[in-house]
Amino acid sequence: MKIDLTINGSRGTYETHPGTLLMELLRKEGWFSVKHGCETGECGTCTVLIDGMTINSCIYLAAQAHGKSITTVEALGTPENMHPIQQAFVETGAVQCGYCTPAMVLAAQELLSQNREPTEADVRDALTGQLCRCTGYVKPVEAVMLAARRMKEGGQGEEGLSGNREADDSSGRREAGVR
Amino acid sequence: MLQHLEEVYFPESLALALEKLNQYEGAAAPIAGGTDIVADPPPGIRCLVNITHLGLDYVTEDETHIRIGATTTMQKLATSPEVAALAGGILSLSTCEGWPRPIRNAATIGGNLAGAGPYADTPAAMLALAAEAVVVTADGERTVAMDDFFVDYRTTAVSKRGILKEIRIPRSVKSSRGIFLKLSRTTVDQALVNVGATLELEDGCCKSARIAVGAVTRTPRRLAEVEKQLEGKHIDADTIEEIKKVVSDTVEPMVDFRASADYRRDMSALLVGRALLALGRGA
């Protein structure tokens, strides 16, 4: 079947099997920041933004994205001109092997595009779906908080990516009764 | 795997969606967020009918019911002030406890109910809220009480030729006390046990109760005996101990790789006890 996608700003029509996962299509097209991890939506390493919102592209058909706009971390910055989130990850040392990093950066981007003053709880909620098996979560949380401060000061929260600009509290998390 | 998939169809109306489901004689299914059906597709699926373009993404209220469109995402429900204000936020809790953001952005309330996965979280909340499902088939529209909705493992009243269109929650439960509790091995794992409970109290005593468990039995279900025993009781420590025993004696838990039947039985009693403790506070 034919599907229309905008990938990192470029519109295109793609011929694909109806059962193809979005993750498979993106990797075939050369967007290798989108990793092939668990295939069950648990590890988060295949995360991309669809119309500004994170989804797990390993449990999302390419066909479901028909007509939508996809953003991977390749669209955020370059090594010479990093996005403030990427810069903060580097400075905080929030990277070890780097496998989960693109997805964490995108999760942070979604949060900061909707909430310019996140609390640490907001950040932890936004990163919940992103598993890191080496460095842990303390530094990524610090990095996102640092990026939030800088983007607010620099007025950079609203630039760049197309997508969902709904004002919500971006959290959804409530007090847990059990844990 | 979906290697036998021949088609992903984007209908422009519910009627066209139903026509397509009929055409494939049971080998087609609706898809919205896809987090359930893509990760764990039913065998033999040849067509997926994408129902996210049919205007079924809403939370509204009329004179009698709060109405939730079937393709409303978990994220929308988790952040909706109307939903948070409903019976102690029971439904909000069931849409965000242990749901990572990328899943909440895609998964829909319709999929969580009609997918009928035994570990789903929202069924226990919906059972406790006395919700009804609006199901459409080629024969027309009908309303099914949540109590009759879950037929068996992965089987609901929607059937293979119908589409879940809307969930209706009676306004009368808005002011009930309500809570949703979930026990899982890690923050983002599926539930070992979840409990949805609403209580109506009068003079500190239980006038009526709706207590449901999920992830315990093959289908989410209400605990009828527990509800009966609660009626007229003051919610105090003695009552809670008594009720926990009723839960242990009556629940028939399943066994899987996550937990034994005994563990599920004990934890069901524990969670129902905690729910009552929280709901009875200040009564």
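Conventions we followed
Sequence order as written defines the numbering, with residues in each chain counted from 1. The order in which chains are written sets their letters, starting at A; the order in which ligands are written sets their numbers, starting at 1. Selection of residues for local features in this predicted model requires a pLDDT of at least 70, selection of side-chain atom pairs for listing and counting requires 80 or more, and totals for whole chains, interfaces and linings are taken over all residues. Processing note: side-chain calculations cover all non-hydrogen atoms of the structure and skip hydrogens and water entirely. For the purposes of this entry, the term helix denotes a DSSP run of H or I that reaches at least four residues, the term strand denotes a run of E that reaches at least two, and both are numbered from the N terminus. Every residue pair with non-hydrogen atoms within 4.5 Å of one another is taken to be in contact. A helix is expected to span 1.5 Å for every residue after the first. Throughout, exposure labels follow a simple rule: accessible area from a 1.4 Å probe, protein chains only, divided by the maximum for the residue type, with under 20% read as buried, over 50% as exposed, and the rest as partly exposed. Each nonpolar core is a collection of buried residues, namely Ala, Val, Leu, Ile, Met, Phe, Trp, Tyr and Cys, held together in the definition by side-chain atoms within 4.5 Å. Note on definitions: angles span 0 to 180 degrees between N-to-C directions of axes, and those axes are lines fitted to C-alpha atoms, for helices only across the stretch in contact. Here the word oblique covers every angle except those under 35 degrees (roughly parallel), over 145 (roughly antiparallel) and from 65 to 115 (roughly perpendicular). When the near helix sits turned anticlockwise from the far one by under a right angle, the crossing is termed left-handed; a clockwise turn instead gives a right-handed crossing. Three residue categories are used. Nonpolar comprises Ala, Val, Leu, Ile, Met, Phe, Trp, Tyr, Cys and Pro, charged comprises Asp, Glu, Lys and Arg, and polar comprises the others, including Gly. The predictor attaches a confidence to each residue, called pLDDT, with possible values from 0 through 100. Two parts placed together each lose some accessible area under a 1.4 Å probe, and adding up what both lose gives the buried area. One side-chain nitrogen of Lys or Arg within 4 Å of one carboxyl oxygen of Asp or Glu is enough to make a salt bridge. We define a polar contact as two N or O atoms separated by no more than 3.5 Å, with the added condition that, inside protein, one atom must be a possible hydrogen donor and the other a possible acceptor, whereas residues neighbouring each other in sequence contribute only through side-chain atom pairs.

1. Overview of the side chain of A:Thr101
- Structurally, the position occupied by A:Thr101 is in helix α3 (residues 101-114).
- The contact partners of A:Thr101, leaving out residues within four places of it in the chain, are A:Phe89 and A:Val95.

2. As for helix α5 (residues 138-154) of chain A
Residues and elements named next belong to chain A.
- Along its 17 residues, α5 runs 24 Å from first to last C-alpha, staying within 8% of the 24 Å computed at 1.5 Å per residue.
- Within α5 the residues assigned to the buried category are Pro140, Val141, Ala143, Val144, Leu146, Ala147, Ala148 and Met151.
- In this structure, the buried residues of α5 make contact with α2 (84-92), α3 and α4 (120-126).

3. Brief notes about unusual backbone geometry
- Here A:Asn8, not a glycine, exhibits a phi torsion of approximately 50°, which is positive.
- Mapped onto the fold, A:Asn8 is located in the loop between β1 (2-7) and β2 (10-15).
- Overall, the relative accessible area of 19% leaves A:Asn8 in the buried class.
- Here the phi dihedral of B:Ala215 falls at roughly 65°; this positive angle occurs in a residue that is not glycine.
- By secondary structure assignment, the location of B:Ala215 is in the loop between β13 (205-214) and β14 (221-222).

4. A short note on the nonpolar core
- Counting 36 residues, the largest nonpolar core has A:Leu5, A:Leu22, A:Val48, A:Ile50, A:Leu61, A:Ile70 and B:Leu48 as the members making the most contacts within it.
- Ranked by size, the runner-up nonpolar core spans 34 residues in total, among them B:Leu93, B:Met146, B:Val158 and B:Ile169.

5. Topic: the packing of α2(A) against α3(A)
Residue and element names in this part refer to chain A.
- Viewed as axis vectors pointing N to C, α2 and α3 meet at an angle of 130°, and their least axial separation amounts to 10 Å. As summarised for this structure, α2 and α3 are arranged oblique, according to the angle between their axes. When you trace α2 past α3, the crossing you get is right-handed. Counted together, Ile85, Gln86 and Phe89 of α2 and Thr101, Met104, Val105, Ala108, Gln109 and Leu112 of α3 form the full contact between these two elements.
- Considering only residue class, the contact of α2 with α3 consists of six nonpolar, three polar and no charged.

6. Observations concerning the confidence of the model for chain A
- Mean pLDDT for chain A: 88, with 86% of residues reaching 70 or above.
- Note on residues 158-179 of chain A: pLDDT is under 50 here. Beyond four places in sequence and across chains, it has 64 contacts.

7. Digging into the interface of chain B and chain A
- On the side of chain A, 37 residues touch chain B, which itself brings 40 residues to the contact.
- Together chain B and chain A conceal approximately 3,000 Å² of surface at their shared face, both sides included; 57% is due to carbon and sulfur atoms.
- At the surface where chain B touches chain A, the tally comes to two salt bridges.
- Close ionic contact of A:Asp125 with B:Arg104 constitutes a salt bridge, the shortest N to O distance being 2.9 Å.
- On the surface where chain B and chain A come into contact, there are nine residue pairs in polar contact (both at pLDDT 80 or more).
- Elements that contribute at least two residues to the side of chain B that touches chain A include exactly β1 (7-9), β3 (47-50), α2 (74-78), α4 (90-96), α5 (101-106), β11 (177-183) and α10 (261-280) of chain B.
- Per-element tally for the side of chain B that touches chain A: the top contributor is α5(B), with six residues.
- Grouping the amino acids of the side of chain B that touches chain A by side-chain chemistry returns 21 nonpolar, 12 polar and seven charged.

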